[in-house]
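Below are the chains, spelled out letter by letter.
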Amino acid sequence: NDEMTTRNKVRETLRLFQAIFRKLLQEEESKMKEKGRAPKRIDILAAKILKEKGKYVNTGKQIIGPVPGIEVGDEFQYFVELNLVGLHRQSQGGIDYVKQGDKIIATSIIASGGYENDLDNSDVLCYMGQGGNVMQKGKQPEDQKLERGNLALANSRFVKNPVRVIRGETKASSTLLEARGKTYVYDGLYSVEEFKQEPGPHGKLVYKYKLVRIPGQPELTWKVVKKSKVREGLCVHDISLGKEVIPISAINTIDSEKPPPFEYVCHMIYPDWCRPIPPKGCGCTKGCSELGKCSCVMKNEGEIPYNHNGAIVEAKPLVYECGPNCNCPPSCYNRVSQHGIKIQLEIFKTESRGWGVRSLNSISSGTFICEYAGELLEDREAEERKGNDEYLFDIGNNIDSSLWDGLSNLLPDAHSSSCQVVHESGFTIDAARCGNIGRFINHSCSPNLYAQNVLYDHEDTRIPHIMFFAAENIPPLQELTYHYNYMIDQVRDENGNIKKKICYCGSSECTGRLY
Ligand code: SAM
């Protein structure tokens, strides 16, 4: 199916962009202390690399209407990502257009604000034309002209072609190097209903367009979240019973089932024979950015594995965070997953996979989600729990190189870190009796999270913490999933018979079975 393969191409291109971006950002951040360095436009650099490697998608003739591989609600962190996937091809301009016959018509617009405040009526968009210096400080405003984008939108009013609308929302937080902070959400197709010329905020004439969302398209999930004060199907306010800083609700709109009983724990539970000892720690007092000096950074091959905004740069066999005996403050950039859950998560009843996990927030690629917490067992103990193996996580079986592969082909300097792999460690985490929200994350053959091995409070590489990170941008309410990495026909019951479990992940790449 063409649409599905294009969707995969779009996801791959965006993932590559985000991975290259974070890698280049890591380099920039390590040099930030150098005096007089102007921050580079890393987004532009990353896009250039992808262009040279032929990774742009939907590159043919300008598309009118839906763009293959893009769905309503898809989120983008950088303007160039819109170019990358063919959703909007202008490099800056808010109105994109194409020549049709002897006229130009609008294909897509970027809308920042302009929606009616009443969320029920937000299918109507009032859009102001471009030019006339109305947005630029220090320039004399002048009348907007009916040319280029403005003319194209006016023509679309008569041609009645669908126009793609991308909302640009100001990001809540952004670091210095990401100052151009906006999130872009694809809002779907609109039609231009009216346009008029009237005096703008500066007394000069501006064009105003009224666009109406074409009915029958999915609602944007953040609207659903914002609209409802009391969530439909809410059955438990906080399954962590106050143990997590941010409460975790349970939502069931399918049936009357309540979440199953278990003891909520935020941290790993180690058996008596295993007393993990914290490593000596680094001596950095001012944070650990001084590369070459921090012993923790050295363990990560001389790089801080996180960007300054907390995003993980790339999947690695093992990440070493600073620990309890380090001299650096809690705000050190090399401490991320140890701080726990920072986003609003909830569990919800799915149609066919029991309970699952999703977030009420937009999640950007590389964001830390949560740990897989539970009781640490030796593999042979885990074997004995065969009848109750739903919540086992096999440590050392979570290296999913396919996820972020391709980075080393695109960036010659990006060394692939295949050393120090924690393989078949002999340990398993069981979250059946005690666990955290991580126990509810389902499997998908086309996942949006991955499991990263992390050490910080002890040095035993056989038993790293299992930490989930976002492998792509995830819109609110989309189910969070990782790849369970089971081998087909390798899971057996207590009598040694092969067990089979059908996969209901529903993705186009589904292989049909979990094991
Ligand atoms: N859904 C679980 C629940 O309600 O507690 C949470 C995940 S638990 C770690 C793993 C179990 O969830 C699996 O043994 C299976 O029963 C179910 N599951 C997870 N992913 C699935 C999938 N893609 N298709 C079908 N069942 C799935």
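Rules used throughout
- Residues numbered from 1 in each chain as written.
- Predicted model: local features only at pLDDT ≥ 70, side-chain atom pairs only at ≥ 80, totals over all residues.
- Heavy atoms only, no water.
- Axes fitted to C-alpha atoms, helices over the stretch in contact; angles between N-to-C directions.
- Helix = DSSP H or I, 4+ residues; strand = E, 2+ residues; numbered from the N terminus.
- Parallel < 35°, antiparallel > 145°, perpendicular 65-115°, else oblique.
- Left-handed = near helix turned anticlockwise from the far one by under 90°.
- Contact = heavy atoms within 4.5 Å.
- Nonpolar A, V, L, I, M, F, W, Y, C, P; charged D, E, K, R; others polar.
- Near = heavy atom within 4 Å.
- Polar contact = N/O pair within 3.5 Å; in protein donor to acceptor, adjacent residues only side chain to side chain.
- Areas by Shrake-Rupley, 256 points an atom, 1.4 Å probe, with all protein chains shown as cover.
- 1 Å grid on protein atoms, 1.4 Å probe; cavity = no way out; pocket = protein on both sides within 12 Å on 5 of 7 lines; lining within 4 Å.
- Points joined across faces, edges and corners; volume = space filled by probe spheres on them.
- Pairing = 2+ DSSP bridges.
- Salt bridge = Lys/Arg side-chain N within 4 Å of Asp/Glu carboxyl O.
- Buried < 20%, exposed > 50% of the residue type's maximum accessible area, 1.4 Å probe, protein only.

K.L.:
In this structure, what is going on with the packing of helix α1 (residues 2–30) against helix α2 (residues 42–52)? I would like to understand it.
P.N.:
The geometry of a pair of packed helices is captured by two quantities: the angle between their axes and the separation between those axes. Contact geometry for α1 and α2: axes closest at 9 Å, N-to-C directions at 130 degrees. As far as their axial angle goes, α2 and α1 are oblique. For the element pair α1 and α2, the recorded crossing hand is right-handed. Two secondary-structure elements touch here, α1 through Thr13, Leu16, Phe17, Ile20, Phe21, Leu24, Leu25 and Glu28 and α2 through Ile42, Asp43, Leu45, Ala46, Ala47, Ile49 and Leu50. Partitioning the contact of α1 with α2 into residue classes produces 12 nonpolar, 1 polar and 2 charged.

K.L.:
Is there a simple way to explain the site of the ligand in this structure?
P.N.:
Contacts to the ligand come from 17 residues, most closely from Arg353, Trp355, Tyr391, Asn442 and Tyr504. Here Arg353 contributes a backbone N or O atom positioned 2.6 Å from a nitrogen atom of the ligand. Take His443: an N or O atom from its main chain is 2.9 Å from a nitrogen atom of the ligand. Coverage of the ligand by the protein amounts to 92% of the 560 Å² it exposes when considered alone. Residues of the shell around the ligand, tallied by class, amount to 10 nonpolar, 3 polar and 4 charged.

K.L.:
What's the story with empty space enclosed by the protein in this structure? I'm lost.
P.N.:
A complete count under the given rule lists 2 cavities of 30 Å³ or more for this structure. Its boundaries defined by the atoms lining it, the largest cavity holds a volume of some 70 Å³. As for the largest cavity, its lining consists of 13 residues, and the residues nearest its centre are Pro279, Lys299, Tyr320, Glu321 and Tyr456. Residue composition of the lining of the largest cavity, by class: 7 nonpolar, 3 polar and 3 charged.

K.L.:
Is there a simple way to think about the sheet that holds strand β19 (residues 442–443) in this case?
P.N.:
Strands in a sheet are paired, the pairing made by backbone hydrogen bonds, and the direction either parallel or antiparallel. Overall, mixed pairing links the 6 strands, which are arranged β8-β9-β12-β13-β22-β19 in an open sheet. Two strands close off the open sheet at either side, each with one partner strand: β8 (234–236) and β19. Taken together, the 5 bridges between strand β12 (residues 345–349) and strand β13 (residues 355–359) define a ladder with antiparallel strand orientation. Opposite Leu345, over in β13, you have Ser359 as the bridge partner.

K.L.:
Please clarify how the sheet that holds strand β14 (residues 368–371) should be interpreted in this entry.
P.N.:
Spatial ordering of the open sheet is given by β11-β20-β21-β14, a layout of 4 strands whose pairing is mixed. The open sheet is flanked by β11 (319–320) and β14, the only strands paired with a single partner. Where β14 meets strand β21 (residues 465–470), 3 bridges bridge the pair, whose relative direction is antiparallel. Residue pairing for β21: Cys370 is matched across the bridge by Phe468.

K.L.:
Got a minute to help me understand the pattern of salt bridges in this structure?
P.N.:
Should their charged atoms come close, side chains of opposite charge can pair. Per the counting criterion, the structure on display carries 34 salt bridges. In this structure, Arg275 engages Asp272 in a salt bridge whose closest nitrogen and oxygen atoms are separated by 3.8 Å. Classification of Arg275 by relative accessible area gives exposed; the value is 55%. The partner of Lys501 in a salt bridge is Glu390, with the nearest N and O atoms 3.0 Å apart. With Lys501 in the segment after β22 (479–482) and Glu390 in the loop between α7 (379–384) and β16 (392–394), the pair connects residues that are 111 residues apart, well separated along the chain. A relative accessible area of 31% places Lys501 in the partly exposed class. Connected through shared salt-bridge partners, Lys23, Glu301, Glu303, Glu314 and Lys316 make up one network.

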